[in-house]
There are 2 protein chains.
Amino acid sequence: MGAHDDANTGPIDTAAVDTAHLEQLMLGRWAETRRTAREVLKDPQFHKVENLTKEDHRERTLKQSHALVDAKAVHRAFPKEFGGDNDHGANIAGFEELVTADPSLQIKSGVQWGLFGAAVLHLGSYEHQKQWLPGIMDLSVPGAYAMTEFGHGSDVASLGTTATYDPETQEFVINTPFAAATKRYLGNAALDATAAVVFAQLITNGVNHGVHCFYMEIRDSDGRVLPGITINDDGHKGGLNGVDNGQVSFDHVRVPRFNLLNRYGDVAEDGTYTSPIESPGRRFFTMLGTLVQGRVSLSGAAIAASKLALIGAVTYGNQRRQFNATSTTEEEVLLDYQLHQRRLIPRLAKTVALGFAQEKLLGKLDEVFSGKDDSDENRQELETLAAAVKAVATWHSLDTLQEAREACGGAGFISENRFTSLRADLDVYATFEGDNNVLLQLVAKRLLADYAAEFKNADVGALASYVANQAGDRVMHRFGLRRALQEVRDTGDERRSANWFKQTEVQRDLLAGRVRQMVVDVAGELRPVAKLPADKQAKVFNEHQFEIINTSKAHTDLLLWEALTEGLESIQDHGTRQVMTWLRDIYALTTIEETLDWYLGNGRISAQRARTLSPYINRLVARVRPHAQDIVDSFGYAPEHVRMEVASGAELKRQDEALEHYRKLRASSDAPLDEKTLLDRQRALAKSR
Amino acid sequence: MGAHDDANTGPIDTAAVDTAHLEQLMLGRWAETRRTAREVLKDPQFHKVENLTKEDHRERTLKQSHALVDAKAVHRAFPKEFGGDNDHGANIAGFEELVTADPSLQIKSGVQWGLFGAAVLHLGSYEHQKQWLPGIMDLSVPGAYAMTEFGHGSDVASLGTTATYDPETQEFVINTPFAAATKRYLGNAALDATAAVVFAQLITNGVNHGVHCFYMEIRDSDGRVLPGITINDDGHKGGLNGVDNGQVSFDHVRVPRFNLLNRYGDVAEDGTYTSPIESPGRRFFTMLGTLVQGRVSLSGAAIAASKLALIGAVTYGNQRRQFNATSTTEEEVLLDYQLHQRRLIPRLAKTVALGFAQEKLLGKLDEVFSGKDDSDENRQELETLAAAVKAVATWHSLDTLQEAREACGGAGFISENRFTSLRADLDVYATFEGDNNVLLQLVAKRLLADYAAEFKNADVGALASYVANQAGDRVMHRFGLRRALQEVRDTGDERRSANWFKQTEVQRDLLAGRVRQMVVDVAGELRPVAKLPADKQAKVFNEHQFEIINTSKAHTDLLLWEALTEGLESIQDHGTRQVMTWLRDIYALTTIEETLDWYLGNGRISAQRARTLSPYINRLVARVRPHAQDIVDSFGYAPEHVRMEVASGAELKRQDEALEHYRKLRASSDAPLDEKTLLDRQRALAKSR
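Procedures and definitions
Residues numbered from 1 in each chain as written. Chains lettered and ligands numbered in written order. Predicted model: local features only at pLDDT ≥ 70, side-chain atom pairs only at ≥ 80, totals over all residues. Heavy atoms only, no water. UniProt positions renumbered as here; feature names shortened; annotations may be inferred. Helix = DSSP H or I, 4+ residues; strand = E, 2+ residues; numbered from the N terminus. Buried < 20%, exposed > 50% of the residue type's maximum accessible area, 1.4 Å probe, protein only. Contact = heavy atoms within 4.5 Å. Phe/Tyr/Trp six-rings, centres within 6.5 Å; stacked < 30°, edge-to-face > 60°. Lys NZ or Arg CZ within 6 Å of the ring centre and 35° of its normal. Axes fitted to C-alpha atoms, helices over the stretch in contact; angles between N-to-C directions. Parallel < 35°, antiparallel > 145°, perpendicular 65-115°, else oblique. Left-handed = near helix turned anticlockwise from the far one by under 90°.

As named in an unreviewed UniProt entry, chain A is acyl-CoA oxidase, taken from Nesterenkonia salmonea. Heading Subcellular location (unreviewed entry) of the UniProt record for chain A holds this comment: "Peroxisome". Per its UniProt entry, chain A bears the Cofactor (unreviewed entry) comment "FAD".

*Asks:* What should I look at first to understand the environment of Val99 of chain A in this one?
*Replies:* All names here are of chain A. Following the sequence through the fold, Val99 ends up in the loop between α5 (88–97) and α6 (103–123). By relative accessible area, which is 0% here, Val99 ends up buried. Separated by 203 residues in the primary sequence, Val99 and Ala302 have C-alpha atoms spaced 8.2 Å apart. Once residues lying within four places of it in the same chain are set aside, the contact partners of Val99 are Gln106, Ala301, Ala304, Ala305, Arg418, Leu422, Leu426 and Tyr429.

*Asks:* When you look at unusual backbone geometry in this model, what are you seeing that I'm missing?
*Replies:* Peptide bonds are trans in most cases, and residues, glycine excluded, mostly fall at negative phi. If you check the backbone angles, Arg418 of chain A has positive phi at about 70° while not being a glycine. By relative accessible area, which is 8% here, Arg418 of chain A ends up buried. Positive phi is not limited to glycine here, since Asn51 of chain B has a value of about 65°. For Asn51 of chain B, the position within the fold is in the loop between α3 (31–40) and α4 (54–70).

*Asks:* Would you explain the UniProt feature "domain: Acyl-CoA dehydrogenase/oxidase N-terminal" (unreviewed entry) in chain A in this entry?
*Replies:* Look at the UniProt record and you will see "domain: Acyl-CoA dehydrogenase/oxidase N-terminal" (unreviewed entry) annotated at residues 33–137 of chain A. Across residues 33–137 of chain A, helical content stands at 65% and strand content at 0%; the span's end C-alpha atoms are separated by 19 Å.

*Asks:* Would you mind going over the packing of aromatic side chains with me for this structure?
*Replies:* Residue and element names in this part refer to chain A. Applying the stated criterion to the full structure yields 24 aromatic pairs over all chains. Taken together, the ring pairs in this structure connect Phe116, Trp132, Tyr215 and Phe258 into an aromatic cluster. In this arrangement the basic side chain of Arg623 is found over the ring face of Trp582, its NZ or CZ atom lying 5.9 Å from the centre.

*Asks:* How should I be thinking about the packing of helix α11 (residues 376–407) of chain A against helix α12 (residues 419–426) of chain A in this particular structure?
*Replies:* To describe two helices that pack against each other, one gives the angle between their axes and the distance between the axes. Residues and elements named next belong to chain A. Look at α11 against α12: their axes get within 9 Å of each other, and the N-to-C directions meet at 160°. Taken together, the axis directions place α11 and α12 in an arrangement best described as roughly antiparallel. For the crossing formed where α11 meets α12, the hand is left-handed. Every residue of α12 that contacts α11 at Ser397, Leu398, Leu401, Gln402, Ala404 and Arg405 is listed here: Phe419, Thr420, Leu422, Arg423 and Leu426.

Here it is in structure tokens:
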């Protein structure tokens, strides 16, 4: 860690985080909503209690849900007419914070107001809203969101439940034709729900118009399940046991024609089907698209949980001591170990990057849902961005919670430190509201479509030159020529290498170049089969599935980098900006480090430069290390939100007491002599004789 | 997936797993013990029940522990004289299986017989054994293993608890001098233990002889905590809530001189200290070394849990269908998706490799503990191997359980499928009995010491030529020359590349070459500071900590590969051997793929070859895919051990019923027409007019 490169990485002396400034920036556009929500959630009545049976936890969560209504914490998305704020961005921002109290409460609320309520709001008519929203909003009608079945989760279009229109009685007959069509994992269903929105294949006049949504009562006011409906409990889960998930099946249950949530598809008295969207495919995706909020709120919650994890681990890492290293009397603070820095600081960087990406996502959601820009194009962008950020943020939270828990050793495993509890609850975020791998395939689909569209409009000359450049590159790469030249120039100059890596444009080129090349490569592999029959196409697609998923991940890497770079560019305070720039560099370079084989194999980084990357990252994490506490403090959470023994200062007190004990002992005449010291003295004495 | 490379990868037609043969091989040397243990554990009384409070779970686990005594399942390691088998390998083999019943039961038993009992057995005299082992073995004396403190876990040598000898009364005074010296996380301590083995600094005649172990009573026969002792409950944990972990502190509690477990250090009546091992450092490590069994049994348990996870996910992956791809009427089975193969099959390969490595580890443990070869050299080898395998196996189990749970979607989150439950329980395995990262540092220390020893004995000529070769290599690598030449030869020939990667010698060279080069590189970085003061050395060491840990990981990769290669070479059956060879290749090549940047950056693999690696792995996993079920079936677990709904065949039944429903519907006249089909027909009609 020579001084030689300090000049290249910025003025270490003036680097300092203005925590108030950074906090305001990270709270983002809906800072006030977040602050209000956090204030409400300081109340212990909302906090998760460990060691409850699922029965007791469910009871508590239901009570908490009612308390949220009383606190006016959950109506921001609803129309003003019904007592809401019609503020969609603020709604999600506030909702994200619930995870700090109890993820079960978040998910139970999400089911009630974000899914059940949102289905009525977005898929229903004004008449439907008027009839059902008040009861949904005040929780007098708890409801389930009956989409997923035993047999179909990710592939919603293939649900087995049917809703067949009977013009005789003007009713729909809701039916579960086989066991795999039984609804499953429905929050609120096992105990509390008296109603549900049920997704089923709409069949009228002998035609299946695809999946539509129906409002149904499922229990009477005494909590008895209605005739023709069977409900089972999903039982104990890996987490979120405050939510009463259940299984629901229907035996030819009749509901009035009115109960079809008919914004995107309606059935007339005589059974005639009409829809404002002609294409059944587009209609289906439009209906599902209104529910993108679920994904957006999950990613936001996952980021909040990652922040809590890092507050715990960084604080403890700054107080906990283990092993003597540079001193014989004072043990080393954990965060002074390089490995500890390497474990926590890149995760801190990615968490901050995700925070900025989430802010962009919220902005886009607000544009679409407020009607500011609800064009198809913008809706699609929202869907793609939400899919990418949700997948990466939820996985990242599991990874960060786990690393933080391990970084706190045994203490990390005790529930009072919440890492294991949060991790258990958030585990399912990786597969619900869209399995992460399926979401990444959606992202890839969009990337490939964009690429195809780009080519369609390119004139022949541009296309030719593009292809020629590609071919030229490939020949160069194949023979390793360009790289060999680069290596001669690079030889041994670590400073020049670091200077290169830290440049914003270099980082952008590397990350963006990778996405572009991967898309070109995949598209090239898939193009020859574009005209083959569907089964052959599917086979070739499948043979590149792994590559396709990696392309989406590369895209998300870039997306996060861009959000973080934009975020830091808005920072006025010089010292804060310096620290955040290092953090951004750490995000960029650890991301590149993880896929360094690609950069080497594709001649984007020379072997010489590649060898300097890891040591340079090691220096960067050491540079951010003194500011780590300030950064986590800037997340703006109060002790009532953190609630971890490791972050309480108790460890510092214990360490100080122990240090003081030994200090006094050394100064006294009672101190026992160490056997090793005794032996050394005896040996020295023997020698001197 | 062209046919062109089939010739290179073996005869696909004859590949078939003889499951009975493979099962016997994987059960290993202690197959009979494993079978006996598994038979006992079929009994539902031993199975984990979900949704218990920690109080109820603790009660159940204590009862189960007594039932294990009755079933004679836990005494294999103890001397025959006391009713044991004196069979150390068999003891761990049997113990590993407990995890299939309930990990809490495993850990509670591990504390009682593996730690508390083993301390008396290995650190005590014959008098101690005679006095205490019978009560320990029959569980009439439940005990705690009081090593870890609030302030010290990994660094046992620095424990704060003191045991000061008082020659007046011939007693030791056990004391907790400050809060951080309070014992913590002690299994059995919160409720059940009436005794404990307590680790404390032995001070006599004014000299501290380091950490020794003392047998103490901590509760009376009515369960009341004895005077001077304070016990608190560690509370709810992320898992293992059947174990009653507690905190214990001592206020000048006196124990008889006899209670020092004195095999490696004794105090005479007058306070004179004697030890058969002169060096305090070596003495300390010898005492701790007798407890290596804990690590060995944790890795074995982690491997067993990984096997359960894969049984669940592979079985479900073979039955669950989602999305139409190659057929319009039959959805795709999950395991036919490349990504799904990529997620599960490399983890299957690593699990099998770990199984063989564990078998070697057990063999070595048996050699040392049976006295067949308990040389210092062999003890050290055992310690290093145990550290490496424990770290990698426990992390691998968490990774595999998580991937398996996600691969089963929402079903993976329901406790009846056990993934989340096992994961929660096994989480702490990564940090207890030695934090994994600390263990990997031990491994690195040994690697560096071996390297130094090798050089010490090398004559000057050998040394010079070795160094010269190194230098030659480096110059070549720096200019990318050798690699460039290799690339020209490799150009575009995927078959030649696959032929190269599949060779046993090539894999060995790649994996072993990496370890060797990394050791040389690290040693080279550390050598210049070998003569600097300790604090400077520590600083430089710290600046390479990340690299050092990665070196240990590379070493373990090789070790697993060697164990798997040895294992498969003993297979007689041709078809089984073929499948296992592919599996070994998958282990080798995915391991290389993960660190491909190193191989590229160090000129070990050309960019051309590197580009063929991932597609080749994709073909290999597809080739093993039809055998995946046979491999997991060969783990030899019965339904009573697996106990997962996803592995019960229920999904297949549901899928078949749904397929049959649609088949009948298509054949009938009632089948509704799909709106898309209707639109297509209308368009065709319009056109034809």
